[in-house]
Amino acid sequence: MKRLIERSRSVGEVLRWVTQNPGKVSASHYPIALHKLGQLLQQQPGPPAGSGDGRGPAGQVLEQPEFHALCQAIVSGCAKFDNFSIVNCLYAAAALGLPGESPLVRVLEDESRSRLGRFNQKDVSMVFSSEANNKALEAIFSSQLFYENRQERFIRSMAEWLPRKAENLTPYTMALIAKYVARHRLREPRLLDTIANFLLKRGEQLDSKVIQKLVFPFSRMNYRPSNHGELFPKLEAILEQKAGSSPLATVNILMSMFQLSHFPQTVLHQVFSPAFITNVMSSPYALIVRRYLSLLDAAVELEFREYSGPRLDPRYRVLMFEHALTADEANRKYSYKGLVAEALRQLVGEECYRQDEVLPPGYCTDFLLWINRSGTVLPLSRVPAASKAPPATSPAAVSLRSSVLALTSDLQDFAPFAPEWHYCQNSDILVGSRAMRDRHLRLLGYCLVQLPYTELEKVSGIEEAKHYLRQKL
């Protein structure tokens, strides 16, 4: 039957083979028949299959009783089809141009969604390619299987057609898409610009919690949307109105904008105001907001020196992180950190470096060394305590900070491990949080020395590691 369908020379011949020989047709033959129909229709004059206007040969085929019989046979039996046949029928139906509201497409979509947890990556990708309406996209991006696996090829394909369909998506679905590309660090400009345009058009109607989800991919991928000249002022205006409704969402949005080197002055006036702080302190997420506000305050000190509005009360300042992150601990266990640590111990001694040190305003470093201008590594115990103080604001403290920066210009932040998750996928572009961290540490006077894992993986043994570090130092 497979050969007979594939050798058919006309639409009528395909339909006759399938509908007049039900006993010889299996589940695998239906997607073959649908694909063959699509190929034959593409060869005929008139509007192509998928044009959706119902005219010409394609529209005539869709009205034929034999075609309806074929569709009904698939609808009746698809619950018993294997995954491969279900996915390929849906893919073929999409290519054929069947409308999303047709019984065949609806049943195939429902059956596909019910099986998403059992599909392999290729099956999921084909379903994703076939379904393009809001309901289907919501189901796909809600799938734990799809969420956990990176589908770069189809994200690139999606970036081509999503701009045409974005206005028909709900904010919830667009937020799911944004969450997915952020999780997998997929820096696809067309897709990110589509999210930005969606946000520009609908931002005023959106809750600030939804806005933060749509904004996050921009900072995550360290990407300024092409419409940022319009979008960022729009976001500022929205935050001015909604800053107090969800303080955590507000500071998250601000953090994203700061990571992209955009500093909304009027919103800063609000979040550093006594009223906002009082509201935050009585909330269950007070500590995390204090950490974000402390980092924002440090960023203002370092990067937005022309700002003259209120600042965070020193009583509420805390470190963003007080110790190495869980990911960094795992990183040390399964990375080159152990090799570098042993090489440093043999080269300079344990008293001359620190591992996983947290520097104000709360940035984790892999290794920290103090090297004077002549290149001598000095014991860290001799570093004055003042050099570890967070950015200060009073005139006297600013004067002290200037001398501290002169001193800390001799400090080396040794970053030997350049983990994959510090970069956008398949790129040498740092994610936004890491890029801001590096900017701030340099502004604080630290010299960052990168030891890329692409170089370290070529190092074999402790002696080679010591030689490599000598060159870097």
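Residues numbered from 1 in each chain as written. Predicted model: local features only at pLDDT ≥ 70, side-chain atom pairs only at ≥ 80, totals over all residues. Heavy atoms only, no water.

An unreviewed UniProt entry lists the chain under the name FASTK kinase, with Climacteris rufus as the source organism.

**Some points on the overall build of the chain**
Along the chain, the regular secondary structure elements total 25 helices and 7 strands. The buried share among the 473 residues of the chain stands at 51%. A separation of at least 24 residues holds for 71% of the contacts in the chain among residues at least 6 apart in sequence. Looking at the chain as shown, the accessible area adds up to about 22100 Å², and 51% of this sits on carbon and sulfur atoms. (Helix = DSSP H or I, 4+ residues; strand = E, 2+ residues; numbered from the N terminus. Buried < 20%, exposed > 50% of the residue type's maximum accessible area, 1.4 Å probe, protein only. Contact = heavy atoms within 4.5 Å. Areas by Shrake-Rupley, 256 points an atom, 1.4 Å probe, with all protein chains shown as cover.)

**Focus: helix α6 (residues 83-96)**
Along its 14 residues, α6 runs 20 Å from first to last C-alpha, staying within 8% of the 20 Å computed at 1.5 Å per residue. Listed as buried for α6 are S85, I86, V87, N88, C89, L90, A92, A93 and L96. With a side-chain oxygen positioned 3.1 Å from the backbone nitrogen of F84, the residue opening α6 is D82. A positive phi of about 95 degrees marks G97, the residue just after α6. (Expected span 1.5 Å × (residues − 1). Polar contact = N/O pair within 3.5 Å; in protein donor to acceptor, adjacent residues only side chain to side chain.)

**A few points about the nonpolar core**
Counting 78 residues, the largest nonpolar core has F141, L199, L214, F218, F272 and L293 as the members making the most contacts within it. By residue number, the principal contributor to this core is helix α19 (residues 286-303), which donates 8 residues. Setting aside anything within four residues of it in sequence, one finds L214 in contact with M174, A175, A178, I195, F198, L199 and L206. Core analysis: the next-biggest nonpolar cluster, separate from the first, contains 31 residues, I5, I86, C89 and L96 among them. (Core = buried A, V, L, I, M, F, W, Y, C linked by side-chain atoms within 4.5 Å.)

**Quick word on the packing of aromatic side chains**
Per the stated rule, a full pass over the model turns up 6 aromatic pairs. Judged by centre distance (5.3 Å) and plane angle (15 degrees), the rings of F263 and F304 are stacked. One end of the pair, F263, is in the loop between α16 (247-259) and α17 (265-271); the other, F304, is in the loop between α19 and α20 (326-333), and 41 residues separate them in sequence. In terms of burial, F263 and F304 fall into one category: buried. These aromatic residues form a ring-pair network of at least three members: F258, F263, F304 and Y307. Note that K179 overlies the ring of Y147, its terminal NZ or CZ placed 5.1 Å from the centroid. (Phe/Tyr/Trp six-rings, centres within 6.5 Å; stacked < 30°, edge-to-face > 60°. Lys NZ or Arg CZ within 6 Å of the ring centre and 35° of its normal.)

**Quick notes on the pattern of salt bridges**
This structure, assessed with the given rule, holds 18 salt bridges. Put simply, D297 and R311 hold a salt bridge, and the shortest N to O gap is 2.6 Å. Residue D297 is found in helix α19, and its partner R311 is found in the loop between α19 and α20; the two are separated by 14 residues along the sequence. Judged by its relative accessible area of 2%, D297 falls in the buried class. Under the relative-accessibility criterion, R311 is labelled partly exposed at 24%. R317 is the partner of D297 in a salt bridge, and the nearest nitrogen-oxygen pair spans 3.2 Å. Placement of the pair is D297 in helix α19 and R317 in the loop between α19 and α20, with a sequence separation of 20 residues. Overlapping salt bridges bring together D297, E301, R305, R311 and R317 as one network. (Salt bridge = Lys/Arg side-chain N within 4 Å of Asp/Glu carboxyl O.)

**Some points on the side chain of H422**
Looking at where H422 falls in the secondary structure, it is placed in the loop between β6 (411-415) and α23 (432-443). At a separation of 3.4 Å, a polar atom in the side chain of H422 contacts the side chain of R434.

**Some details on a positive patch on the surface**
A cluster of basic residues, K179, R183, K209 and K213, forms a positive patch at the surface. Contributing elements (two or more residues each) for the positive patch: α12 (171-183) and α14 (208-220). One can find R183 in helix α12. (Patch = residues over 30% accessible without salt bridge, like charges linked within 9 Å, V, L, I, M, F, W, Y side chains within 5 Å. Lys, Arg positive; Asp, Glu negative; His and termini not counted. Charge placed at Lys NZ, Arg CZ, Asp CG, Glu CD.)

**Structural notes on the pairing of strand β4 (residues 367-371)**
Residues in a regular strand point their side chains to alternate faces of the sheet. Among the 5 residues of β4, 5 are classified as buried, and the element is accordingly described as predominantly covered. Side chains F367, L369 and I371 project from β4 onto one buried face, and the interleaved L368 and W370 project onto a second face that is buried too. Pairing analysis gives 2 bridges linking strand β1 (residues 354-355) to β4, with the strands arranged antiparallel. Counterpart to Q355 in the pairing with β4 is F367. Taken together, the 2 bridges between β4 and strand β5 (residues 377-378) define a ladder with antiparallel strand orientation. (Pairing = 2+ DSSP bridges.)

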